[in-house]
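Survey of secondary and tertiary structure
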Amino acid sequence: MSLFDTFGRVHNYLRISLIDTCNFGCTYCVPQQKPGKKKAEELMSAQEIYEIAGVFVGLGIDKIRLTGGEPTLRKDFGQIIRKLSEYPVQLTLTTNGFLLHQFIEDLEVAGVKSINISIDSLREERFKAISKTTGFQTVYNNIFLLLEKGFHIKLNVVLMRGVNDDEANDFIELTRHYPLHIRFIEFMPFTDNEWERNKVISYQELIEQLSEKHALIKLPDQLHDTTKKYKVAGYKGTLAVISSVSNPFCSGCNRLRISADGKMRNCLFAQTNMDLLTPFRNGEDIVSLIEQNVKAKAFQYGGQQMTPDIKNSQMLLIGG
Ligand code: SAM
Ligand code: SF4
C-alpha cells in the first residue's frame with residue numbers, strides 16, 4: 001500500500017516527535033513565550049509509538065526519523081529506537097547531540113547508520129548565546145565520538161544574518177579533514193521566533209559567498225532530496241543547503257509528521273492536524289484517518305505564503 005496525495009506524491013517518510021520539550025533554548029526554535037509542558041499521559045507511550053508507527057509502515061513508510069523537542073530526553077529513548085528497528089525501515093534521528101554518548105549502544109543495536117546533529121556555532125560563547133546552554137564542548141565531543149564509532153554524521157546549521165553567517169567557512173573547514181556533512185538550513189518563520197526575511201541567508205547568496213573562497217563541486221540531487229549538495233575538491237566531507245524559504249522542495253515532498261502527543265501533520269506548515277492518538281486509544285482503526293490527512297495535503301507550505309505571518313505551530317511541538 002502507498003500513501004498518495006492529490007498531487008501524486010507518494011509518502012514513505014515519517015518523522016516522529018518523541019517529546020515536546022528540550023534541554024536547549026535555541027532562539028530560532030523556542031518561542032519567547034515558552035509553551036506549557038504536556039502531561040506525560042498526553043504523550044504517546046513507547047508502546048503507542050511502536051504500534052502507531054507500525055500502522056504507517058503497513059501503509060508504505062520505509063524511513064522513520066525521531067525528532068522533538070530533544071528526542072534523547074525521553075528516558076525510554078533507547079527502548080523506543082530498539083523497538084522501531086524491528087520494522088523494515090531506515091531509522092534515523094535529529095538531535096542536539098548533548099546526550100548522545102549515553103545511547104551509542106542503543107543506536108548500534110537499532111542499526112542506526114546516519115544521525116543529524118544540530119550545532120549552529122563553533123564558538124563556545126556564541127553557541128551559548130544561540131542555544132542558551134553551556135553544552136558546546138559536550139556536543140562537539142559527541143560529534144567526533146559518534147564519527148569515530150562509524151556513524152554517518154550530518155551537522156545541521158541554521159544560518160542567520162548577523163548571528164552566525166560569518167562561520168559558514170569555518171564549518172566547511174571541518175569537512176577538509178573529517179567526513180562530516182554540513183547542512184546549512186535557511187532560517188524559517190515559526191510562531192514567535194523573531195523571524196525576518198532579511199535574516200535569511202538564501203541558498204543563492206550562500207553559494208555565491210562560499211564560491212569566492214572555494215571551488216565548489218555540485219553533487220547530483222536525489223529524488224526527494226531537501227538539500228542541494230556540494231563538496232570542495234579533495235575535502236573528506238560535503239556541504240549542502242536546505243533552501244526551504246528561497247527555493248522550496250515541496251514538489252518532491254514525501255514526508256509526514258506526528259507530534260509527541262499523537263497529532264499527525266501532513267506538512268511542517270500545515271494549519272491543522274489530525275489526532276491519531278485518541279482514536280487509537282479508543283481502539284479505532286486509524287488507517288482511514290491517515291489516508292484522509294494525506295489527501296488533504298496542500299501543494300506547498302500548508303497552502304500558505306512564506307511571510308512572517310505564516311501560521312504554524314512551534315518547532316518544539318512539531319519536530320523539525
Ligand atoms: N532538538 C533536536 C535538534 O535540535 O536537532 C531535534 C528537533 S529540532 C526542532 C530539528 C531541527 O530543526 C534542528 O536541526 C533545528 O536546527 C531545526 N530548526 C528549528 N527551528 C528552525 C527554524 N526556525 N528554521 C530552520 N530550522 C530550524
Ligand atoms: Fe531544542 Fe532542537 Fe529546538 Fe534547539 S532546535 S531548542 S535543540 S528542539
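As shown above, the structure is provided for reference.
The sections below set out a description of the structure shown in this document. (Residues numbered from 1 in each chain as written. Chains lettered and ligands numbered in written order. Predicted model: local features only at pLDDT ≥ 70, side-chain atom pairs only at ≥ 80, totals over all residues. Heavy atoms only, no water.)

Considering the overall build of the protein chain
Looking only at helices and strands, one finds 10 helices and 14 strands in the protein chain. Against the 2.2 N^0.38 benchmark of 20 Å for 320 residues, the protein chain shows a C-alpha radius of gyration of 19 Å, consistent with a compact globule. The principal-axis extent of the C-alpha atoms belonging to the protein chain is close to 60 × 40 × 40 Å. Looking at the 320 residues of the protein chain, the share that counts as buried comes to 57%. Relative to all contacts within the protein chain whose residues are 6 or more apart in sequence, the contacts with residues 24 or more apart total 72%. Only carbon and sulfur atoms are counted for the fraction: they give 50% of the accessible area of the protein chain, which is about 13,900 Å². Looking at charge distribution, the protein chain has the averaged site of its 38 positive side-chain charges lying 2 Å from that of its 37 negative ones. (Helix = DSSP H or I, 4+ residues; strand = E, 2+ residues; numbered from the N terminus. Rg over C-alpha atoms; globule rule 2.2 N^0.38 Å. Buried < 20%, exposed > 50% of the residue type's maximum accessible area, 1.4 Å probe, protein only. Contact = heavy atoms within 4.5 Å. Areas by Shrake-Rupley, 256 points an atom, 1.4 Å probe, with all protein chains shown as cover. Lys, Arg positive; Asp, Glu negative; His and termini not counted. Charge placed at Lys NZ, Arg CZ, Asp CG, Glu CD.)

So, the packing of helix 6 (residues 168–177) against helix 7 (residues 203–211)
In the contact formed by helix 6 and helix 7, the axes pass within 11 Å of each other and the chain directions differ by 65°. Put simply, helix 6 runs roughly perpendicular to helix 7. Regarding helix 6 and helix 7, the two cross each other, and that crossing is right-handed. Residues Ala168, Asn169 and Ile172 of helix 6 pack against Leu206, Gln209 and Leu210 of helix 7. Of the residues that constitute the contact of helix 6 with helix 7, the class distribution is 4 nonpolar, 2 polar and no charged. (Axes fitted to C-alpha atoms, helices over the stretch in contact; angles between N-to-C directions. Parallel < 35°, antiparallel > 145°, perpendicular 65-115°, else oblique. Left-handed = near helix turned anticlockwise from the far one by under 90°. Nonpolar A, V, L, I, M, F, W, Y, C, P; charged D, E, K, R; others polar.)

A look at the site of ligand 2
Taken together, 9 residues lie around ligand 2, and Cys22, Cys26, Cys29, Val30 and Asn96 are the ones closest in. Tallied by class, residues from the shell around ligand 2 come to 7 nonpolar, 2 polar and no charged. (Near = heavy atom within 4 Å.)

A closer look at the sheet that holds strand 3 (residues 13–17)
Sheet strands pair via backbone hydrogen bonds, and the direction of the pair is either parallel or antiparallel. Spatial ordering of the open sheet is given by 9-10-11-8-7-6-5-4-3-12-13-14, a layout of 12 strands whose pairing is mixed. A single partner strand is all that each edge strand has here, and the edge strands are strand 9 (216–218) and strand 14 (274–275). Taken together, the 5 bridges between strand 6 (residues 114–118) and strand 7 (residues 152–159) define a ladder with parallel strand orientation. By the bridge assignment, Ile117 is partnered in strand 7 with Leu155. Helix 2 (residues 77–84) rests against strand 4 (63–67) and strand 5 (90–95) of the sheet, and its axis sits at about 175° to strand 4. (Pairing = 2+ DSSP bridges.)

Quick look at helix 6
Considered for burial, the residues of helix 6 that qualify are Ala168, Asn169, Phe171, Ile172, Leu174 and Thr175. Buried residues along helix 6 sit against helix 5 (136–148), strand 7, strand 8 (181–186), helix 7, strand 10 (227–232) and strand 11 (238–242).

Structural notes on the nonpolar core
Counting residues in each nonpolar core, the largest one holds 95 residues, and the members touching the most others are Phe56, Ile64, Leu66, Leu107, Ile115, Ile153 and Phe184. For this core, the leading source of residues is helix 1 (residues 46–58), giving 7 residues. Once you skip the residues sitting within four places of it in the chain, Leu107 turns out to touch Phe77, Ile81, Leu93, Leu100, Val112, Ile115, Leu146 and Phe151. (Core = buried A, V, L, I, M, F, W, Y, C linked by side-chain atoms within 4.5 Å.)

Describing the site of ligand 1
Taken together, 20 residues sit near ligand 1, with Gly69, Glu70, Ser118, Asn156 and Met188 positioned nearest. Contact between ligand 1 and Gly69: a nitrogen atom at 3.0 Å from a main-chain N or O atom of the residue. Between ligand 1 and the protein, one listed contact pairs an oxygen atom with a side-chain N or O atom of Ser118 at 2.6 Å. Computed on the free molecule, ligand 1 has an accessible area of 540 Å², of which 95% lies beneath the protein chains in the complex. For the shell around ligand 1, the elements supplying multiple residues, two or more each, are strand 5, strand 7 and strand 8. Classifying every residue of the shell around ligand 1 by side-chain character gives 8 nonpolar, 10 polar and 2 charged. (Polar contact = N/O pair within 3.5 Å; in protein donor to acceptor, adjacent residues only side chain to side chain.)

Points about the pattern of salt bridges
Enumeration according to the criterion identifies 16 salt bridges in this entry. The closest approach of N and O atoms between Arg82 and Glu105, which form a salt bridge, is 4.0 Å. Of the two residues, Arg82 is situated in helix 2 and Glu105 in helix 3 (residues 104–109); the sequence distance between them amounts to 23 residues. Taking relative accessible area as the criterion, Arg82 reaches 33% and is therefore assigned partly exposed. In this structure, the salt-bridge partner of Lys83 is Glu86, at a minimum N-O distance of 3.5 Å. One continuous salt-bridge network, built from bridges that share partners, spans Arg123, Arg126, Asp166, Glu167 and Asp170. (Salt bridge = Lys/Arg side-chain N within 4 Å of Asp/Glu carboxyl O.)

It is worth stressing that arrangement in space is one thing and function is another; only the former is reported here.
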